[in-house]
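# Fold and contact review
In case you want the letters, here they are:
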Amino acid sequence: MAAENNNNDRKSSSAVSDMGAWAMNVISSVGIIMANKQLMSSSGFSFSFATTLTGFHFALTAFVGFVSNATGLSASKHVPIWELIWFSIVANVSIAAMNFSLMLNSVGFYQISKLSMIPVVCVMEWILHSKRYSREVKVSVVVVVVGVGICTVTDVKVNAKGFICACVAIFSSSLQQILIGSLQKKYSIGSFELLSKTAPIQAVSLLVVGPFVDYLLSGKFILNYNMSSGCFIFILLSCALAVFCNISQYLCIGRFSAVSFQVIGHMKTVCILTLGWLLFDSAMTFKNVSGMFVAIVGMVIYSWAMELEKRSNLAAKPLNSVKNSLTEEEFQLLKEGVETTESKDVELGYTKA
């Protein structure tokens, strides 16, 4: 009984931790988008240097990781430098390609490219890790994608350069999210420990390359920008929220999967549309509302499907562990013995509990 109570406590504690990671990611992501909207919009501070701003984000994240390691709050584990550099290259290409995709494509096509990341992640996980998904999970993902598509996709215009940038952005972003989970498992490293190792590399590279990328995107150079105190405060706010956003991203992918993180991302889209309507007087049409409703239904179905999959995996685990500890012949003999015992019990008029 005590063991069962401890097991239930662990399950409830894990569920609370999962919910905390999910809530941190949603709140910090929505907060950073709202801060950046004020920072970058023409009605705000017109700070149109998105790539360099991302470099600032990772610089503060790297500083927090350094302080945490120095004070003993977190432990530094070994990860080969070539793995860290490879991951940073993929992550930085993802950031730059997303920015170029948004610049060269219509908002509608940009949203479609983001929606296509879920099936791309599924295919890549199947190719790289032989991971398969149940029918219920596939159906729920389709419902989520359709719902978000209804409420976000408007005009769809495609051009060759924009299409290439979108393809690079989709591939690199999907690969980055898969790499986060695989590196954590491969080196038994926590989400924050991994982030504290990749953040300095990303910060340095983005702060060096970022101003030139932003110049290509906006035609403006950051050194010519007239910084006000209000803009500086919002940059600090954006960086602080980015620390929580980065940590929660690694936490979520480490605890769930890249596909689950994509579904969470679409939940953030629904929250952003709602807050835009409440705070910034954005238009809210029947199309938006119906799309959000379909997306939320899809997310509920996805949660249910993942719970079913988790239970089936737990049910199969004891049998698999027994099978792995026995030879194939011993396992077959054990299976035949169980079946014979059950048939004898039925003949005698009872079954064993």
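As the structure is a computational prediction, the values presented were derived from the model and not from experiment. (Residues numbered from 1 in each chain as written. Predicted model: local features only at pLDDT ≥ 70, side-chain atom pairs only at ≥ 80, totals over all residues. Heavy atoms only, no water.)

## Focus on the side chain of Ser172
- Checked against the element boundaries, Ser172 lands in helix α7 (residues 160-186).
- Polar contacts involving the side chain of Ser172 include one to the main-chain carbonyl oxygen of Val168, which spans 2.7 Å.
- Excluding its chain neighbours within four sequence positions, the residues that come into contact with Ser172 are Val90, Val93 and Ser94. (Helix = DSSP H or I, 4+ residues; strand = E, 2+ residues; numbered from the N terminus. Polar contact = N/O pair within 3.5 Å; in protein donor to acceptor, adjacent residues only side chain to side chain. Contact = heavy atoms within 4.5 Å.)

## A closer look at unusual backbone geometry
- For Ser46, which is not a glycine, the phi torsion comes out positive at approximately 55 degrees.
- Within the secondary structure, Ser46 sits in the loop between α1 (2-40) and α2 (50-70).
- Judged by its relative accessible area of 30%, Ser46 is partly exposed.
- Within the chain, Ser188 stands out as a residue other than glycine whose phi angle is a positive 50 degrees.
- Among the secondary structure elements, Ser188 is positioned in the loop between α7 and α8 (191-218).
- The exposure class assigned to Ser188 is exposed, which follows from its relative accessible area of 52%. (Buried < 20%, exposed > 50% of the residue type's maximum accessible area, 1.4 Å probe, protein only.)

## Details of a nonpolar patch on the surface
- Taken together, the side chains of Ile81, Trp82, Ile85, Trp86, Ile89, Val93, Phe163, Ile164 and Val168 define a hydrophobic patch exposed on the protein surface, amounting to about 870 Å² of accessible area.
- Looking at the nonpolar patch, the elements with two or more residues in it are α3 (81-104) and α7.
- If you tally residues by element for the nonpolar patch, the top one is α3, at 6 residues.
- With respect to the element layout, Ile85 can be found in helix α3. (Patch = residues over 30% accessible without salt bridge, like charges linked within 9 Å, V, L, I, M, F, W, Y side chains within 5 Å. Areas by Shrake-Rupley, 256 points an atom, 1.4 Å probe, with all protein chains shown as cover. Salt bridge = Lys/Arg side-chain N within 4 Å of Asp/Glu carboxyl O.)

## Points about α2
- Compared with an ideal rise of 1.5 Å per residue, which puts 21 residues at 30 Å, α2 spans 30 Å between its outermost C-alpha atoms and is within 8% of the ideal.
- Residues of α2 that are buried include every one of Thr51, Thr52, Leu53, Thr54, Gly55, His57, Phe58, Thr61, Ala62, Gly65 and Ser68, and no others.
- Count one or two residues on from α2 and you reach Gly72, which has phi positive near 80 degrees. (Expected span 1.5 Å × (residues − 1).)

## Some details on the nonpolar core
- Counting 19 residues, the largest nonpolar core has Phe87, Leu175, Leu179, Leu194, Ile247 and Tyr250 as the members making the most contacts within it.
- When contributions to this core are tallied by element, the ones reaching two or more residues are α3, α5 (117-129), α7, α8 and α9 (229-255).
- No other element matches α7, which puts 5 residues into this core.
- When near neighbours in sequence (up to four residues on either side) are disregarded, Tyr250 contacts Phe87, Ile180, Gln184, Ser191, Leu194, Leu195, Thr198 and Gln202.
- Counting 8 residues, the second-largest nonpolar core is a separate cluster that includes Leu39, Cys231, Ile235 and Cys239. (Core = buried A, V, L, I, M, F, W, Y, C linked by side-chain atoms within 4.5 Å.)

## Overview of the pattern of salt bridges
- Inspection of the entire model under this criterion finds 1 salt bridge.
- A salt bridge links Glu83 to Lys186, with the shortest nitrogen-to-oxygen separation between them at 2.8 Å. Of this pair, Glu83 sits in helix α3 while Lys186 sits in helix α7; the two residues are 103 residues apart in sequence, bridging distant segments of the chain.
- In this structure Lys186 comes out as exposed when scored by relative accessible area, which is 54%.

## Re the packing of aromatic side chains
- Following the criterion strictly, the structure yields 6 aromatic pairs and no others.
- Both rings, one in Phe45 and one in Phe234, keep their centres 5.6 Å apart while their planes meet at 50 degrees; by these two values the pair is tilted. Residue Phe45 is found in the loop between α1 and α2, and its partner Phe234 is found in helix α9; the two are separated by 189 residues along the sequence.
- Residue classification places Phe45 among the partly exposed positions, given a relative accessible area of 23%.
- Residue class for Phe234 comes out partly exposed when judged on its relative accessible area of 25%. (Phe/Tyr/Trp six-rings, centres within 6.5 Å; stacked < 30°, edge-to-face > 60°.)

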